Amino acid sequence: MGQKTKQTTELANKERRSFLGKAAVATASMTLAPGVIFMGMAEAKPPGKPADEKASDKNRWGLLIDTNKCVDDCDACVQACNFENGLTTIHGPETDAQWIRKVKIRNKATKKISYLPLLCQHCEYAPCIDVCPTGASFRRKDGIVLVDKHICIGCRYCMMACPYKARSFVHETITNQVPDVPRGKGTVEACTMCVHKIDRGDGSTACVDACKKYANGAIIFGDLKDPNSNIAKELTTYQSTQLRPDLRLNTGVRYRGI
């Protein structure tokens, strides 16, 4: 069995057990809008902050991805994202949504080949927000860019505006949704930086956890504004870059080794 197959199998088995455990404590479901379902949980981890405390601009959540540690035959981050957000057959019908994907790039001058996870870059000056006619695309004060499913009309202007092709359109009715990640037919969606995990105080994202456990630990999550955070220290110590820095979007996702 190859390394990639073994990693994927181990991750799938682990996440199936996790899903069954969550399903056992789910107590209720409530329709919020056509095609969008919210499911309540009887048990939950203590939240990271009081429920009535809003996202604050004292934080800027971000990711640092070291492409030197990212290899071709590993998709642990993709598998973890798919499961965490209900994009896999484990939760229902297969979808064409893709919140994170592996990309191969080649430096024309040096011939160096790199592999990197590509996802929503959570821009400070997000083009998707600029073109959204309803305000469904928005940015929280802590830097996370999200889509309000209640007012998204599926025009897909944001998909055309995103220079990273990081958004997906939901074509089908979604069933067996993950409790923390409501989705809806006819709406646009993208990486949420596991906002549900951040808001309950997990201190990490699904892709980071999977990369650390099943791969080389190529992804770091943290507060870009906190000089004592691991991600801030790494960015201060070692060279990194944004994708398409010429656009001056001030992304929340940074890369090393490209």
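Higher on the page you've got the structure.
Residues numbered from 1 in each chain as written. Predicted model: local features only at pLDDT ≥ 70, side-chain atom pairs only at ≥ 80, totals over all residues. Heavy atoms only, no water.

Peer 1: Honestly, the packing of helix α2 (residues 76-84) against helix α6 (residues 206-214) in this entry has me stumped. Any pointers?
Peer 2: The description of two helices packed together rests on the angle between their axes and the distance between the axes. Between α2 and α6, the shortest axis-to-axis distance is 8 Å and the interhelical angle comes to 140°. Compared by their axis directions, α2 and α6 come out oblique. For the pair α2 and α6, the crossing hand works out as right-handed. Together, Ala76, Cys77, Ala80 and Glu84 of α2 and Ala206, Cys207, Ala210 and Tyr214 of α6 make up the contact between the two elements. (Axes fitted to C-alpha atoms, helices over the stretch in contact; angles between N-to-C directions. Helix = DSSP H or I, 4+ residues; strand = E, 2+ residues; numbered from the N terminus. Parallel < 35°, antiparallel > 145°, perpendicular 65-115°, else oblique. Left-handed = near helix turned anticlockwise from the far one by under 90°. Contact = heavy atoms within 4.5 Å.)

Peer 1: Explain the pairing of strand β4 (residues 100-106) to me, please; I cannot follow it from the model alone.
Peer 2: Regular strands have side chains that alternate between both faces of the sheet. Sheet analysis places β4 next to strand β5 (residues 113-119), joined by seven bridges and oriented antiparallel. What sits directly across from Lys104, in β5, is Tyr115. Taking the residues that link successive antiparallel strands as the turn, the β4-β5 hairpin has six residues, and the phi of Lys111 there is positive, at about 70°. (Pairing = 2+ DSSP bridges.)

Peer 1: Where do I start with the pattern of salt bridges in this structure?
Peer 2: Pairing is possible between side chains of opposite charge, provided their charged atoms come close. All chains considered together, the criterion is met by eleven salt bridges. The shortest N-O distance in the salt bridge between Lys149 and Glu189 comes to 3.4 Å. With Lys149 in the loop between β7 (145-147) and α4 (157-161) and Glu189 in strand β9 (residues 188-189), this residue pair connects regions lying 40 residues apart in the sequence. In this structure Lys149 comes out as buried when scored by relative accessible area, which is 13%. Measuring nitrogen to oxygen at the nearest pair gives 3.1 Å for the salt bridge that ties Asp202 to Lys197. Using a relative accessible area of 24% as the deciding quantity, one classes Asp202 as partly exposed. Look at Lys197 and you get buried, because its relative accessible area is 8%. What you see here is one network of salt bridges that share partners, running through Asp180, Lys197, Arg200, Asp202 and Asp209. (Salt bridge = Lys/Arg side-chain N within 4 Å of Asp/Glu carboxyl O. Buried < 20%, exposed > 50% of the residue type's maximum accessible area, 1.4 Å probe, protein only.)

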